[in-house]
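# Notes for the structure review
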Amino acid sequence: MTLSPAPVSATGVRRLTTTLYGYAFLDDLVLLYPVYALLFADTGLPLWQISSLFALWSLTAVVLEVPSGAWADTVSRRRLLWLGPLLTSAGFALWVTVPSYGAFALGFVLWGAGGALASGSLEALVYDELERLGATERYARAMGRTRAVRLLATVAAMGLAGPVLALGGYEAVGAASVLVCLLAALTATRLPEHRVPAEKGSTRWSATLRAGLAEARGDRSVQGALLLVPAVAAVWGALDEYVSLLIRDLGVADATVPYLVLLVWSIVTVGSLCAGPAERLGTRGLAALVAGAALALAVGAGVRTPAGIALVGLAFAGFQLAEVLADVRLQHRIDDARRATLTSVASLGTELVTVAVFGLYSLLGASLAHSTVFVILSVPYLVTALVLSRSGRRRHGSPDGRPRKASPRDTPRNESPRERPRAQ
């Protein structure tokens, strides 16, 4: 593909980010989120069947993650972003109209497929559009705010689910969830997209996938960026599922648990808004951020007090911020034609490591307190911080540890971005 260079357009950036934030909010404003496990149980499913549904959901994401990313590099990414919520809405409709194990399983497959279509596609579309507008330096801030908007939507869904469930039962909750998915799909159609395929012979997704993996094998900086994403995203992404259990072990009343969970995610939301300024941290600054978050996690979980839970929230905010910055580093290093492919490879790595962390947590939690397991699982982050710190000492130049990738506005008008020599 060829992205024509352009001067920074405030109007274009505003249109992109406003639509992006609206899409992200609607995509996570799903009232079924906090109650679907109750729906399964009330339908009569035993625990092993409920667990098998979660496993099927994860398996669908693992199988489709990379192929869908390669597909997004050969077709319209915007098309995949509106198709994903439509698949998800179909799954939710099945859940509440014909509640049964088979319908729940098919619904999870549709949901997993919808999520896989959006994973990689969204990041690639946003980065390419910002590059076209000459504003790639705004990518970190935009994606940080996107994550904050998603968290706000999740909190709103938690608050709305109870009253809607009381008024209309699961049917009303399901109908509201289908509606917001349809609105998300409609919003996705408003996302700007100017990318066009460069060569007809490169339209097969399998060829794009092979080219993307070849790029990763042949460039150590791309390999490092790919590995960094799961290194900072996977462990805390698994730990957040156990926060309520960690809080309950403090001995607080059950009614207090949701408020402390809300405190954690409020802190994480604020942390997401700091992504823009944090991009100036550089490699060693990122290492310090990860190390500080790891220490906050260990201390916060170890002290076993409500004040310590605030430290856990601060640690999660640090990891969330590091996750955004890791994505920024990856986007700076990969080729435009394979952006969604390699972003999906990084997401696949995160999924696989997260599943491994779930297994490790189960083994450790069988004989140890939740607080102790949280402390133990802070150690991988200290290792990541050490590796980053050593890498930062060996590199100089750009804030992300390598010479800055030229933006479209740095490119002479008679030279396309694809003709530039790649930064080494």
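Described in the following lines is the structure provided in the data block. Quantities reported herein were computed from a predicted structural model and do not represent experimental measurements.

On to the overall build of the protein, then. On a plain count of helices and strands, the protein comes out with 17 helices and 0 strands. Scored against the burial criterion, the 424 residues of the protein give a buried share of 52%. Of the roughly 18300 Å² that the protein leaves accessible, carbon and sulfur atoms contribute 64%.

What follows concerns helix 5 (residues 101-118). With 18 residues, helix 5 ought to run about 26 Å at 1.5 Å a step, and its terminal C-alpha atoms sit 26 Å apart, in line with that. Of all 18 residues in helix 5, 13 are buried; the element is thus mostly enclosed. The positive-phi residue at the C-terminal boundary of helix 5 is G120, with phi of around 90°.

The full count for this structure, using the stated rule, is 25 aromatic pairs. Taken together, a centroid distance of 5.3 Å and an interplanar angle of 80° make the contact between F40 and W95 edge-to-face. Placement of F40 in helix 2 (residues 36-43) and of W95 in helix 4 (residues 77-97) is noted, with a sequence separation of 55 residues between them. On the accessibility criterion, F40 (0% relative accessible area) is buried. The exposure class assigned to W95 is buried, which follows from its relative accessible area of 0%.

Tracing the backbone through its elements, the reader meets P85 in helix 4. Along the backbone, P85 and L182 are 97 residues apart, and their C-alpha atoms lie at a distance of 6.6 Å. What P85 contacts, discounting residues up to four positions off in sequence, is Y23, D27, C181, A184 and A185.

The N-to-C vectors of helix 7 (residues 139-188) and helix 14 (residues 306-333) enclose an angle of 140°; their axes lie 10 Å apart at closest approach. Classified by the angle their axes make, helix 7 and helix 14 are oblique. Seen along the crossing, helix 7 lies across helix 14 with a hand that is right-handed. For the pair formed by helix 7 and helix 14, the contact residues are Y139, A140, M143, G144, R147 and L151 on the first element and Q320, E323, V324, D327, V328 and Q331 on the second. Grouping the constituent residues of the contact of helix 7 with helix 14 by class yields 6 nonpolar, 3 polar and 3 charged.

Moving on: the nonpolar core. F316 and F374 are the most contacted members of the largest nonpolar core, which has 82 residues in total. Looking at this core, the element that brings in the most residues is helix 14, giving 12 residues. Leaving out residues up to four positions away in the same chain, F316 has contacts with W236, L239, D240, V243, V264, V268, L297 and F374.

For the rest of this paragraph, the subject is helix 9 (residues 220-239). With 20 residues, helix 9 extends 30 Å between its outermost C-alpha atoms, agreeing within 8% with the 28 Å of an ideal straight helix rising 1.5 Å per residue. Of all the bends found along helix 9, the most pronounced is centred on A233 and spans about 30°. Of all 20 residues in helix 9, 14 are buried, a share of seventy percent or more.

The rules behind the values
- Residues numbered from 1 in each chain as written.
- Predicted model: local features only at pLDDT ≥ 70, side-chain atom pairs only at ≥ 80, totals over all residues.
- Heavy atoms only, no water.
- Helix = DSSP H or I, 4+ residues; strand = E, 2+ residues; numbered from the N terminus.
- Buried < 20%, exposed > 50% of the residue type's maximum accessible area, 1.4 Å probe, protein only.
- Areas by Shrake-Rupley, 256 points an atom, 1.4 Å probe, with all protein chains shown as cover.
- Expected span 1.5 Å × (residues − 1).
- Phe/Tyr/Trp six-rings, centres within 6.5 Å; stacked < 30°, edge-to-face > 60°.
- Contact = heavy atoms within 4.5 Å.
- Axes fitted to C-alpha atoms, helices over the stretch in contact; angles between N-to-C directions.
- Parallel < 35°, antiparallel > 145°, perpendicular 65-115°, else oblique.
- Left-handed = near helix turned anticlockwise from the far one by under 90°.
- Nonpolar A, V, L, I, M, F, W, Y, C, P; charged D, E, K, R; others polar.
- Core = buried A, V, L, I, M, F, W, Y, C linked by side-chain atoms within 4.5 Å.
- Bend = angle between axes of the 7 residues up to and from the residue.

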